[in-house]
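Observations on the model geometry
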Amino acid sequence: EADIYQTPRYLVIGTGKKITLECSQTMGHDKMYWYQQDPGMELHLIHYSYGVNSTEKGDLSSESTVSRIRTEHFPLTLESARPSHTSQYLCASSDRARQETQYFGPGTRLLVL
Amino acid sequence: QQQVKQSPQSLIVQKGGIPIINCAYENTAFDYFPWYQQFPGKGPALLIAIRPDVSEKKEGRFTISFNKSAKQFSLHIMDSQPGDSATYFCAARVNSGSARQLTFGSGTQLTVLP
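The text that follows walks through the structure, step by step, so that each part is easy to find. Note that the structure is a prediction, hence the values are computed from the model and not measured.

A few words on the sheet that holds strand 3 (residues 20-25) of chain B. Residues and elements named next belong to chain B. Across the sheet, five strands lie side by side as 1-3-8-7-6; this open sheet has antiparallel pairing. Bordering the open sheet on either side are strand 1 (4-7) and strand 6 (56-59), each of which pairs with just one other strand. Direction aside, neighbouring strands of the sheet carry axes that sit 15 degrees apart on average. Pairing of strand 1 with strand 3 involves four bridges; the strand directions are antiparallel. Within strand 3, the position partnered with lysine 5 by the bridge is alanine 24.

The subject of this paragraph is the interface of chain A and chain B. The parts lose accessible area when they come together, and the size of an interface is often stated as this lost area. Each side of the interface is counted separately: chain A has 22 residues, and chain B has 20 residues. Approximately 1,800 Å² of surface area, both sides summed, lies buried where chain A meets chain B, with 49% of it carried by carbon and sulfur atoms. Summed over the shared surface of chain A and chain B, the result is zero salt bridges. At the junction of chain A and chain B, the tally comes to four residue pairs in polar contact (both at pLDDT 80 or more). Elements supplying a minimum of two residues to the side of chain A that touches chain B: strand 4 (31-37), strand 5 (43-51), strand 9 (87-94) and strand 10 (102-104) of chain A.

Residues and elements named next belong to chain A. Pairing in this open sheet of four strands is antiparallel, and the strands run 1-3-8-7 from one edge to the other. Each of the sheet's edge strands pairs with one partner strand only, and the pair in question is strand 1 (4-7) and strand 7 (65-66). As judged from the three bridges shared by strand 3 (residues 19-25) and strand 8 (residues 76-78), these two strands associate in the antiparallel manner. In the strand pairing of strand 8, leucine 21 is matched with leucine 76.

With that settled, consider the pairing of strand 8 (residues 72-77) of chain B. For strand 8 of chain B, a buried count of five out of six residues is recorded, marking the element as mostly surrounded by other parts of the structure. Adjacent in sequence and paired antiparallel, strand 7 (residues 62-67) of chain B and strand 8 of chain B are bridged by four residues, among which Lys71(B) carries a positive phi angle near 55 degrees.

Calculation criteria
- Residues numbered from 1 in each chain as written.
- Chains lettered and ligands numbered in written order.
- Predicted model: local features only at pLDDT ≥ 70, side-chain atom pairs only at ≥ 80, totals over all residues.
- Heavy atoms only, no water.
- Pairing = 2+ DSSP bridges.
- Helix = DSSP H or I, 4+ residues; strand = E, 2+ residues; numbered from the N terminus.
- Axes fitted to C-alpha atoms, helices over the stretch in contact; angles between N-to-C directions.
- Contact = heavy atoms within 4.5 Å.
- Buried area = accessible area lost by both parts, 1.4 Å probe.
- Salt bridge = Lys/Arg side-chain N within 4 Å of Asp/Glu carboxyl O.
- Polar contact = N/O pair within 3.5 Å; in protein donor to acceptor, adjacent residues only side chain to side chain.
- Buried < 20%, exposed > 50% of the residue type's maximum accessible area, 1.4 Å probe, protein only.

So, in structure tokens, the structure goes:
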């Protein structure tokens, strides 16, 4: 079983608030990813990182930002949350030796009022 | 632009039935095709994967059939069980770039009735 953790699992917050979604993995994986998933819909890649101090935007445009200061930690930040940010956010990581296998965390369900 | 088209959106079968989920793609640069299984409240987990140099791969009750010329691949679940009820996503990966991104299908919600 993959050791990748996300907190909080659920978050309800008002418009305009700054939020940070946490993601940590204990597998030493160099690649990490953030996906956005609306209920019953496909996963869209919004950010990825292939190592410390390296981050890239994904296919889906997002107002969020990410940082990768430590290998195991890949937080996602929204400076000013809006109702359009309501979604599920999934973090994943993959290994250099087995890049094909992405291990996912349990996700954070965000509701912006 | 949806690069991986998945169908059906939902599927209901009786226990013991053989649900089939189909995916089609256009990008011939895709070189790896995994299937993920997602239970409610959980993140997706890799179920089975195939490369385009083989036409079929089996792992337990799960089989991927791959048709390179038609640019289609499908997941078959033999002797389906209620515990298989989940959302299934196909995906495809282009072998370029250091991150090797996955493109996901839209998902199929499978319900296996007891």
